[in-house]
Amino acid sequence: MSDYVIRATAADGEIRAFASTTRDLVEEARKAHNTSPVATAALGRLLTAGVMMGIDMKGEKDLLTLKIQGDGPIGGLTVTADSLGNVKGYAFNPMVMLPPNSKGKLDVGGALGVGVLSVIKDIGLKEPYVGQTILVSGEIAEDLTYYYATSEQIPSSVALGVLMNKDNTVRQAGGFMIQLMPGASEAVIGKLEDKLKEISSTTLLDVGNTPERILEYILGGFGLEINDRTPVQFNCNCTKSRVEKALISVGKKDIQEMIEDGKPIEVNCHFCGRHYEFSTHDLEDILERAR
């Protein structure tokens, strides 16, 4: 498998961890949306977070949605992931261009600006769980670290990286999430904090480390146990029949007006960029079913 997420524990269950390699799915998203380098980096980071958080859900029909809305030029990002390793997403303004930040890196924080991160978990209850925090940096990993600390009270370290080639294709993408479980000892906490201070997530990715090697490097001294490995992919479940249902929901009056225009209409999927064309004959059939 090319892209995958591993789930692990360490320190006799006092630490849990996820690590992922996501180059292919981020490249798939880049091609689907024709994103600029900074938009690829922003969307790729959130897609990577989405697959790691998604596989932590229990039910096959559970759905995670991550939304970032900011006042920067990219406008925002939306990503959805399930518990089976499927993820999809889009940037509101995929063509945004910005100069590098003060560190010479793609300026994801500048692209997003000041805003809000929303985490929505639809796990089969009457209402989905919704957690919201402000963006502390707009760099996404730090924002998710802050979300876990404030909304779920789970001390966490989140690292996400997307590295680009000179031709603007994706060279490497991935990340990790390390979380302390309730009751973790001060000794484990102190040792983990010291280890995390040594780490550059981008460097770990750039040298082509696998998720297993990344977690071994960070947690090898804690008795690391890898529990499972799940393949992940950029996958949109849109179909023409689903789009038809969406058209029915716009109302009979609007569908009738489209028919009277006498021209085919094209509907685009936000998540994957696919185009669906409906002729006036198709629209008449949809109108008949909507009656």
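Sequence order sets the numbering: in each chain, residues are counted from 1 along the sequence as written. Local features in this predicted model are restricted to residues of pLDDT 70 or higher, and side-chain atom pairs are both shown and tallied only at a pLDDT of 80 or more, whereas totals for entire chains, interfaces and linings draw on every residue. Side-chain metrics in this entry use all non-hydrogen atoms of the structure; hydrogen atoms and water are not considered.

Section: the nonpolar core
One finds Ile74, Leu77 and Ile140 to be the most contacted residues of the largest nonpolar core, which totals 66 residues. For this core, the leading source of residues is helix 2 (residues 37-54), giving 11 residues. Definition used in this section: a nonpolar core is a set of buried Ala, Val, Leu, Ile, Met, Phe, Trp, Tyr and Cys residues joined via side-chain atoms within 4.5 Å. Burial classification: accessible surface area is computed with a 1.4 Å probe over protein chains only, and a residue below 20% of its type maximum counts as buried, one above 50% as exposed, and the rest as partly exposed. Going along the chain from the N terminus, every DSSP run of H or I of four or more residues is numbered as a helix, and every run of E of two or more is numbered as a strand.

Remarks on the confidence of the model for the protein
Per-residue pLDDT for the protein has a mean of 90; in total, 97% of the residues score no lower than 70. As a per-residue quantity, pLDDT reports the predictor's confidence and falls between 0 and 100. Looking over the protein, one finds the lowest element-wise mean pLDDT in helix 6 (residues 201-206), namely 67, and the highest in helix 2, namely 97.

A word on the sheet that holds strand 9 (residues 170-180)
Only strands joined by at least two bridges in the DSSP assignment are considered to pair. Read across the open sheet, the 5 strands follow the order 8-9-2-1-10; overall the sheet is antiparallel. A single partner strand is all that each edge strand has here, and the edge strands are strand 8 (156-164) and strand 10 (225-231). If you compare each strand with its neighbour and ignore which way they point, the axes differ by 10 degrees on average. Bridging between strand 8 and strand 9 involves 9 bridges; their strand directions are antiparallel. The residue of strand 9 that forms the bridge with serine 156 is glutamine 179. With axes taken as lines fitted to C-alpha atoms, and helix axes fitted only over the stretch in contact, angles between N-to-C directions fall between 0 and 180 degrees.

Quick word on the packing of aromatic side chains
Stacked, edge-to-face and tilted are the three classes for Phe, Tyr and Trp ring pairs, Trp counted by its six-membered ring, which pair at centre distances within 6.5 Å; planes under 30 degrees apart are stacked, over 60 edge-to-face, the rest tilted. For the structure on display, the rule yields 3 aromatic pairs. Relative to phenylalanine 271, the ring of tyrosine 90 lies with its centre 5.1 Å away and its plane at 80 degrees, an arrangement referred to as edge-to-face. Residue tyrosine 90 is located in strand 5 (residues 86-91), and its partner phenylalanine 271 is located in the loop between strand 12 (265-268) and strand 13 (275-278); the two are separated by 181 residues in the primary sequence. Among the residues examined, phenylalanine 271 registers a relative accessible area of 17% and is labelled buried. What links up through ring pairs into an aromatic cluster is the set Tyr90, Phe92 and Phe271. Either the NZ atom of lysine or the CZ atom of arginine qualifies as a charge over a ring when it sits within 6 Å of the ring centre and within 35 degrees of the ring normal. For the cation-ring pair, lysine 195 lies above tyrosine 217, with the distance from its terminal atom to the ring centre recorded as 4.3 Å.

Topic: the pairing of strand 4 (residues 76-82)
Buried residues dominate strand 4, accounting for 7 of its 7 residues. The alternating pattern of strand 4 places Gly76, Thr78, Thr80 and Asp82 and Leu77, Val79 and Ala81 on opposite faces, both of which are buried. What sits between strand 3 (residues 63-70) and strand 4 in their antiparallel hairpin is a turn of 5 residues, with glycine 75 showing a positive phi close to 80 degrees. Where strand 4 meets strand 5, 5 bridges bridge the pair, whose relative direction is antiparallel. Bridging across to strand 5, threonine 78 finds its partner in tyrosine 90. What sits between the antiparallel neighbours strand 4 and strand 5 is a turn of 3 residues, in which glycine 85 has the positive phi angle 95 degrees.

Points about the packing of helix 5 (residues 186-197) against helix 7 (residues 211-219)
Two elements in contact, helix 5 and helix 7, have axes separated by 9 Å at closest approach and are oriented at 125 degrees. The orientation of helix 5 relative to helix 7 falls into the category oblique. Side by side, helix 5 and helix 7 meet where Leu192, Lys195 and Leu196 of the first sit next to Tyr217, Ile218 and Leu219 of the second. Residues of the contact of helix 5 with helix 7, tallied by class, amount to 5 nonpolar, no polar and 1 charged. Roughly parallel means an angle under 35 degrees; roughly antiparallel means over 145; roughly perpendicular covers 65 to 115; every other angle is labelled oblique. Here, residues are in contact when the closest pair of their heavy atoms is within 4.5 Å. Amino acids are sorted into nonpolar (Ala, Val, Leu, Ile, Met, Phe, Trp, Tyr, Cys and Pro), charged (Asp, Glu, Lys and Arg) and polar (every other residue, Gly among them).

So, helix 2
Multiplying 1.5 Å by the residue count of a helix minus one yields the expected span of that helix. Taking 1.5 Å as the rise per residue, helix 2 with 18 residues should run 26 Å; its terminal C-alpha atoms sit 25 Å apart, in good agreement. For helix 2, a buried count of 18 out of 18 residues is recorded, marking the element as mostly surrounded by other parts of the structure.

Here we look at the side chain of aspartate 62
Topologically, aspartate 62 is positioned in the loop between helix 2 and strand 3. Charge assignment: positive for Lys and Arg, negative for Asp and Glu; neither His nor the chain ends contribute. Each reported salt bridge corresponds to a side-chain nitrogen of Lys or Arg within 4 Å of a carboxyl oxygen of Asp or Glu. The side chain of aspartate 62 sits in the buried core without any salt bridge; lysine 58 is the nearest counter-charge, 7.7 Å away. There is a polar contact of 3.5 Å between the side chain of aspartate 62 and the backbone nitrogen of lysine 58. Ignoring sequence-local partners within four residues, the contact set of aspartate 62 consists of Met57, Ala81, Asp82, Ser83, Asp122, Ile123 and Gly124. What qualifies as a polar contact is a pair of N or O atoms within 3.5 Å, subject to a donor-acceptor requirement within protein and to the restriction that residues adjacent in sequence count only when both atoms come from side chains.

Remarks on the sheet that holds strand 6 (residues 115-122)
Read from one edge to the other, the open sheet built from 6 strands follows the order 7-6-3-4-5-11, with strand pairing classed as mixed. Of all strands in the sheet, those bounded by a partner on one side alone are strand 7 (129-134) and strand 11 (233-234). Sitting on the sheet, helix 4 (residues 141-151) is in contact with strand 6 and strand 7, with an inclination near 120 degrees to strand 7.

Digging into a nonpolar patch on the surface
A surface patch of nonpolar side chains, about 270 Å² in accessible area, is lined by Ile134, Val136 and Tyr146. Take isoleucine 134: it is sitting in strand 7. Residues enter a patch when their relative accessible area is above 30% and they make no salt bridge; the linking distance is 9 Å between like charges and 5 Å between nonpolar side chains (Val, Leu, Ile, Met, Phe, Trp, Tyr). To be clear on the numbers: accessible area is Shrake-Rupley with a 1.4 Å probe, and residue cover counts the displayed protein chains and nothing else.

Focus: the packing of helix 1 (residues 23-33) against helix 2
Where helix 1 meets helix 2, the axes come as close as 9 Å, and the angle between the chain directions of the two elements is 135 degrees. Of the possible angle classes, the one that applies to helix 1 and helix 2 is oblique. Crossing of helix 1 against helix 2: the hand is right-handed. In contact with Leu25, Val26, Ala29, Arg30 and His33 of helix 1, helix 2 contributes Thr40, Leu43, Gly44, Leu47, Thr48 and Val51. Residue composition of the contact of helix 1 with helix 2, by class: 6 nonpolar, 4 polar and 1 charged. A crossing counts as left-handed when the near helix is turned anticlockwise from the far one by less than a right angle, and as right-handed when that turn is clockwise.

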